[in-house]
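# Summary of the model geometry
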Amino acid sequence: MYICQIFKCALKSLVYYQLIIHSHRPYVQDMINKIRALDIQMIAPSHGYILRANVQRYINVYDEMSSPRKNKKAAILFSTMTGNTTKIAKGIAAVLEKKAIETRIINVDNADLKAVLGVIRESDMVFFGSSTRYADMVGKMELVLKELKHMDLEEKFAVAFGSYGWSGEAVEVIQDYLRGTNIKVVDSSYIIKTTGMSHLQIPIRIKFTPDGQEENVLYPEVEAIGDLLLG
Ligand SMILES: Cc1cc2nc3c(=O)[nH]c(=O)nc-3n(C[C@H](O)[C@H](O)[C@H](O)COP(=O)(O)O)c2cc1C
């Protein structure tokens, strides 16, 4: 009977964590780092049980549940006319690499299609980028996207990005292709629903060349996307 109660209590805590706290896990990590050096004797939450024993064990469990997962792989695939989208791709890679996400950048215009599809298969998250030319994508990006419907992408995330001049249709076209597959398309709505962060602009669009300031604008978006992958 007692064991059964403990089990029910543990299960409730897990469900509570998963539904309410998990999406805010970066803040949980911040708080755990702040209390790490303290000698804590008791945890008295605003609701729920007061924990007087094994306090450190509960903190460790929270720490483990909110820690980023490792060994995640991202691929950044893009097409470009004059190199502006290449700069965005490199900016995205720099942020992901800071988070220890193994990242590959491929200009699909110069790559073998089968090799590109192999990289997609191996990746947990794929960024698809193209600049806009006459309201559409450029280069070979469309050839890559057309292949996706033959692949099982259920466990993967996708993000669209690109440089543009005035309307940026290519990013929308990329998203249309992605939504025709079973990949999870990460956009502002997805981020709001999974993390509660409502200030991020995704897909990632940069007008013409990303300068220093725009890279800063890009940073919170890619950081949140990276955190999502590290879940
Ligand atoms: C021939 C041509 C057509 C373009 N058409 C569009 C367009 O329809 N909509 C738009 O937003 N930008 C358009 N642009 C602007 C490009 O998307 C913009 O210059 C972008 O920064 C190019 O990025 P890239 O160097 O990665 O190709 C066009 C540019 C060129 C040269």
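Being a predicted model, the structure only gives us computed values, none of them experimental.

## With respect to the overall build of the protein chain
The secondary structure content of the protein chain amounts to nine helices and six strands. The C-alpha extent of the protein chain, read off along each of the three principal axes, is 65 × 40 × 25 Å. Expressed as a percentage of its 231 residues, the buried residues of the protein chain come to 42%. Long-range contacts, defined here as pairs at least 24 residues apart, represent 75% of the contacts in the protein chain between residues at least 6 apart.

## Here we look at the side chain of S66
If you trace the backbone, S66 turns up in helix 3 (residues 55–66). Taking the relative accessible area as the measure of exposure, S66 reaches 2% and is therefore buried. Within the structure, S66 has its side chain in polar contact with the side chain of Q29 (distance 2.9 Å). A distance of 2.8 Å separates a polar side-chain atom of S66 from the backbone oxygen of Y62. With residues near it in sequence (within four places) discarded, S66 still touches Y17, R25, V28, Q29 and I32.

## What to know about the packing of aromatic side chains
The final tally for this structure, using the stated rule, is one aromatic pair. Between F157 and Y190, the aromatic rings sit 6.2 Å apart at their centres with planes inclined by 80°, giving edge-to-face as the arrangement. Of this pair, F157 sits in strand 4 (residues 157–164) while Y190 sits in helix 8 (residues 188–195), and the two are 33 residues apart along the sequence. Take F157: its relative accessible area is 12%, and that puts it in the buried class.

## Focus on the site of the ligand
In the vicinity of the ligand there are 19 residues, among which T80, M81, T82, S131 and S163 approach most closely. Residue G83 places a main-chain N or O atom 3.0 Å away from an oxygen atom belonging to the ligand. Here an oxygen atom of the ligand and a backbone polar atom of T132 are 2.7 Å apart. Within the complex, the protein chains bury 83% of what would otherwise be the 640 Å² of accessible surface of the ligand. Secondary structure elements with two or more residues in the shell around the ligand: helix 4 (84–98) and strand 4.

## A short note on unusual backbone geometry
Between I202 and the following residue, P203, the backbone shows a cis peptide bond with an omega angle of 10°. We note that N54 has phi near 50°; this positive angle belongs to a residue other than glycine. Among the structural elements, N54 can be located in the loop between helix 2 (25–35) and helix 3. Note on N54: relative accessible area 48%, which makes it partly exposed.

## Let's talk about the domain arrangement of the protein chain
Per the domain assignment, the segments of the protein chain are domain 1 (38–67) and domain 2 (73–230). Just the C-alpha atoms count here: the centres of domain 1 and domain 2 sit 39 Å apart.

## A few points about the pattern of salt bridges
Under the defined criterion, the tally for this structure stands at five salt bridges. Here D63 and R36 are joined by a salt bridge, their closest N and O atoms 3.1 Å apart. With a gap of 27 residues between them, D63 in helix 3 and R36 in the loop between helix 2 and helix 3 connect regions that are remote in the sequence. Here D63 falls in the buried class, since its relative accessible area comes to 16%. Here D187 and R179 are joined by a salt bridge, their closest N and O atoms 2.6 Å apart. Residue classification places D187 among the buried residues on the basis of a relative accessible area of 13%. Overall, R179 belongs to the partly exposed group, its relative accessible area being 45%.

So, how was this worked out
Residues numbered from 1 in each chain as written. Predicted model: local features only at pLDDT ≥ 70, side-chain atom pairs only at ≥ 80, totals over all residues. Heavy atoms only, no water. Helix = DSSP H or I, 4+ residues; strand = E, 2+ residues; numbered from the N terminus. Buried < 20%, exposed > 50% of the residue type's maximum accessible area, 1.4 Å probe, protein only. Contact = heavy atoms within 4.5 Å. Polar contact = N/O pair within 3.5 Å; in protein donor to acceptor, adjacent residues only side chain to side chain. Phe/Tyr/Trp six-rings, centres within 6.5 Å; stacked < 30°, edge-to-face > 60°. Near = heavy atom within 4 Å. Areas by Shrake-Rupley, 256 points an atom, 1.4 Å probe, with all protein chains shown as cover. Domains from an automatic or database assignment. Salt bridge = Lys/Arg side-chain N within 4 Å of Asp/Glu carboxyl O.

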